[in-house]
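This is what each chain is made of:
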Amino acid sequence: MSKKHFFAGTFLLSTVGVISRIMGFFYRIFLSQTIGSRGIGLYQLVVPLQHMVLAVTSSGIQTALSRTVASQTALKKKKEAVDSFCVGTLFALGLSLAAMWIFYTFAGWFAGEILKEPETEALIRIISFCFPLASLHVCISSYYFGRKSACYPACTQLIEQTVRVLSSYILVKIFLSRGIAVTARIAALGALTAEFAAVLSSLLFLSLHLHAENYSFFHIKAPLHKLSAITATAFPLTLNRLLLSVLAAIEVVLIPQMLRMYGFSRSNALSLYGIFTGMALPCILFPSTVTNSAAVMLTPSVAELQALGAHRHIRYIASRACTACFLTGAACTGLFYFFGPFAGELLFHEATAGTCIRTLSFVCPFLYTNIMLTSILNGLGKTGATLLHNAAGSLIRILFVLFAIPLIGIHGYLYGLLLSEILLSIMHIYSLYHIKS
């Protein structure tokens, strides 16, 4: 992949990502003023369940498809690349439909026994319909990323965020005009509408592309062999994402409980959790739009270079990319440390959000660098290493949730997050240092 195409794709994804994040900020401000921090907290409890389902149904397959399409395209096997994409996407869709039925049918059990919040039952039912839509969306995006084409995924991302914001605003107006209580259901319905719009646009782009190449779904050669190859790559990735999602779900359940042990009431604990996850953390993640975009473009590029045997070039790219990410994160640390409290008051009218932003600022250099390091390792097929590293980082955070939050409050989790990201960087760099030269 040429530098021109890499930087063009990164720039496009970054630009769209920044626009989407800005829209997301206004969207969160809108939510904080309509459903409140407690409503945001309830919705944020459900989000890890969605991530866990996507980890099982499509996240591993998504990366495997991107890597497979990139490798086969580099070897001039375009027909095989499309065949692999179709087989993997159908498999992911089947898994996600099964997950949708399970979570819709047993939403009450998940709300009461897993999340310990019966109010989330309706949210789980709504979110369950997102599973098959999200699987189609991410698999189609992975195909384009594998071909190093960022235009269509970027357009889809912009459409998705626009529809999310507009649909939520319209729903609030409808609810208020009819005297219906505005609750966290607004956020869940907005997410569902956004996924539906993303799938429609993705399918439109894909159908036009496949029609132009005269491709037929009915002439796929050796589908079981292709599925076997995809699942062989996707399985450790899926296990990785599933483990991380389960550990993240454990964190989600434990944090409000540990905050109550610290002395907060049930309502205040949910509100503080909503401030942390729905207000402070998105601010910290905002600059990562650029590193995320570069990471998405880098995974298939690294896979392509590995297929061509350019191992020395891979090490050079990894060094340059990670240095840039660390320096970007260091600059953001200074920015968030000095202006975090002001941002919390200005954007969310919450002094607590500003305090969390300031504390989280020290995570930035390691968090942004880890995004790039994980992408490179996945591109190299070192999925087992990322599994072990991420599991270790999550376990550290859980230990801090269990033992630090009851003693010093939410700051205990923030310190655990910082330590886990530092150790994650060290482990990732150690693995990359031992790639074949």
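Values in this document were obtained by computation on a predicted structure and should not be read as measured data. (Residues numbered from 1 in each chain as written. Predicted model: local features only at pLDDT ≥ 70, side-chain atom pairs only at ≥ 80, totals over all residues. Heavy atoms only, no water.)

A.B. asks: Give a detailed account of the overall build of the chain, specifying residues and quantitative values.
C.D. replies: Along its length, the chain carries 17 helices and zero strands. On C-alpha atoms alone, the chain measures out to a radius of gyration of 21 Å, which is about the 22 Å that the 2.2 N^0.38 rule sets for 437 residues. By principal-axis analysis of the C-alpha atoms, the chain measures approximately 60 × 50 × 35 Å. In the chain, which comprises 437 residues, the share counted as buried stands at 55%. (Helix = DSSP H or I, 4+ residues; strand = E, 2+ residues; numbered from the N terminus. Rg over C-alpha atoms; globule rule 2.2 N^0.38 Å. Buried < 20%, exposed > 50% of the residue type's maximum accessible area, 1.4 Å probe, protein only.)

A.B. asks: Before we move on, could you go through the pattern of salt bridges and cite the residues and values that matter?
C.D. replies: On inspection of all chains with the given rule, the structure shows three salt bridges. Salt-bridge contacts for R38 lead to E119; the nearest nitrogen and oxygen are separated by 2.8 Å. Of this pair, R38 sits in helix α2 (residues 36-74) while E119 sits in the loop between α4 (107-114) and α5 (121-128), and the two are 81 residues apart along the sequence. On the basis of relative accessibility, which here comes to 43%, the residue E119 falls in the partly exposed class. (Salt bridge = Lys/Arg side-chain N within 4 Å of Asp/Glu carboxyl O.)

A.B. asks: So, a nonpolar patch on the surface: which residues are in play, and what are the values?
C.D. replies: A cluster of nonpolar side chains, L335, Y337, F338, F339, F342, L346 and F362, forms an exposed patch at the surface whose accessible area comes to about 770 Å². Using a relative accessible area of 60% as the deciding quantity, one classes F338 as exposed. (Patch = residues over 30% accessible without salt bridge, like charges linked within 9 Å, V, L, I, M, F, W, Y side chains within 5 Å. Areas by Shrake-Rupley, 256 points an atom, 1.4 Å probe, with all protein chains shown as cover.)

A.B. asks: Give a description of the packing of aromatic side chains that names residues and reports values.
C.D. replies: Counted according to the given criterion, the structure contains 14 aromatic pairs. Ring plane angle 35° and centroid distance 4.8 Å describe the contact between F85 and Y143, whose orientation is recorded as tilted. Here Y143 lies in helix α6 (residues 130-146) and F85 lies in helix α3 (residues 78-105), a separation of 58 residues in the sequence. What makes F85 buried here is its relative accessible area of 2%. Aromatic pair F103 and F110: ring centres 4.2 Å apart, planes at 10°, arrangement stacked. Both residues of the pair, F103 and F110, count as buried. Members of the aromatic cluster, connected to one another through ring pairs, are F85, Y143, Y144, Y152 and F205. Positioned above the aromatic ring of Y104, the side-chain terminus of R125 is 5.1 Å from the ring centre. (Phe/Tyr/Trp six-rings, centres within 6.5 Å; stacked < 30°, edge-to-face > 60°. Lys NZ or Arg CZ within 6 Å of the ring centre and 35° of its normal.)

A.B. asks: Before we move on, can you summarise helix α12 (residues 311-348) with the specific residues and values?
C.D. replies: Since the α-helix packs 3.6 residues into each turn, any two residues three or four apart lie on the same face. Taking 1.5 Å per residue, 38 residues should reach 56 Å; α12 reaches only 47 Å between its end C-alpha atoms and comes up short. Taken as a whole, α12 carries its principal kink of about 60° at F339; the proline P341 stands between one and four residues after it. Count one or two residues on from α12 and you reach H349, which has phi positive near 55°. (Expected span 1.5 Å × (residues − 1). Bend = angle between axes of the 7 residues up to and from the residue.)

A.B. asks: Help me get a handle on the environment of G340, residues and values and all.
C.D. replies: Topologically, G340 is positioned in helix α12. Remark: the alpha-carbon pair of G340 and A280, spanning 60 residues in sequence, is separated by 8.9 Å. Sequence-distant contacts of G340, defined by excluding residues within four places in its chain, comprise L335, G354 and I357. (Contact = heavy atoms within 4.5 Å.)

A.B. asks: Which residues make up the environment of F276, and what values go with them?
C.D. replies: Tracing the sequence through the fold places F276 in helix α10 (residues 266-285). Put simply, F276 and G41 are 235 residues apart on the chain and 8.9 Å apart in space, counted from C-alpha to C-alpha. Apart from the residues lying within four places of it in its own chain, the contact partners of F276 are L281, P282, C356, L360, Y413 and L414.

A.B. asks: Break down the state of the cysteines for me, citing the residues and quoting the values.
C.D. replies: Tallying each qualifying case throughout the model produces zero disulfides. The thiol sulfur of C322 is not disulfide-bonded, and the nearest other cysteine sulfur, from C325, lies at 6.2 Å. A relative accessible area of 12% places C322 in the buried class. (Disulfide = S-S within 2.5 Å.)

A.B. asks: An account of helix α7 (residues 151-177) is needed here, citing residue identities and associated values.
C.D. replies: An ideal rise of 1.5 Å per residue puts 39 Å on 27 residues; α7 measures up with 39 Å between its terminal C-alpha atoms. Among all positions of α7, only P153, A154, T156, E160, Q161, R164, S167, S168, L171, V172 and F175 are buried.

A.B. asks: So what about the confidence of the model for the chain? Which residues, and what values?
C.D. replies: On average, residues of the chain carry a pLDDT of 82, and 95% of them reach 70 or more. For the chain, the element scoring lowest by mean pLDDT is helix α11 (residues 288-307), at 74; α5 scores highest, at 91. (pLDDT = per-residue confidence, 0-100.)

A.B. asks: Can you explain the packing of α3 against α6? Please cite residues and give values.
C.D. replies: Between α3 and α6, whose axes approach to 8 Å, the crossing angle comes to 160°. Between α3 and α6, the angle is such that the two are roughly antiparallel. Helix-helix and strand crossings are classified by hand; for α3 and α6 the assignment is right-handed. Where α3 approaches α6, its residues V82, F85, T89, A92, L93, S96, L97, A99, M100 and F103 are matched on the opposing element by F131, P132, S135, L136, C139, I140 and Y143. Its residues assigned to classes, the contact of α3 with α6 comprises 14 nonpolar, three polar and no charged. (Axes fitted to C-alpha atoms, helices over the stretch in contact; angles between N-to-C directions. Parallel < 35°, antiparallel > 145°, perpendicular 65-115°, else oblique. Left-handed = near helix turned anticlockwise from the far one by under 90°. Nonpolar A, V, L, I, M, F, W, Y, C, P; charged D, E, K, R; others polar.)

A.B. asks: Quick rundown of the side chain of S431? Include the residues and the values.
C.D. replies: Summarising the element assignment, S431 is placed in helix α17 (residues 410-433). Relative accessible area serves as the criterion here: at 12%, S431 is assigned to the buried category. Beyond its immediate sequence surroundings of up to four residues, S431 is in contact with L377, K382, A385 and H389.

A.B. asks: Break down the side chain of T374 for me, citing the residues and quoting the values.
C.D. replies: Position of T374 relative to the elements: it lies in helix α14 (residues 364-379). By relative accessible area, which is 19% here, T374 ends up buried. Side-chain polar atoms of T374 contact the backbone oxygen of N370, separated by 2.8 Å. A distance of 3.1 Å separates the side chain of T374 from the side chain of H428, its partner in a polar contact. (Polar contact = N/O pair within 3.5 Å; in protein donor to acceptor, adjacent residues only side chain to side chain.)

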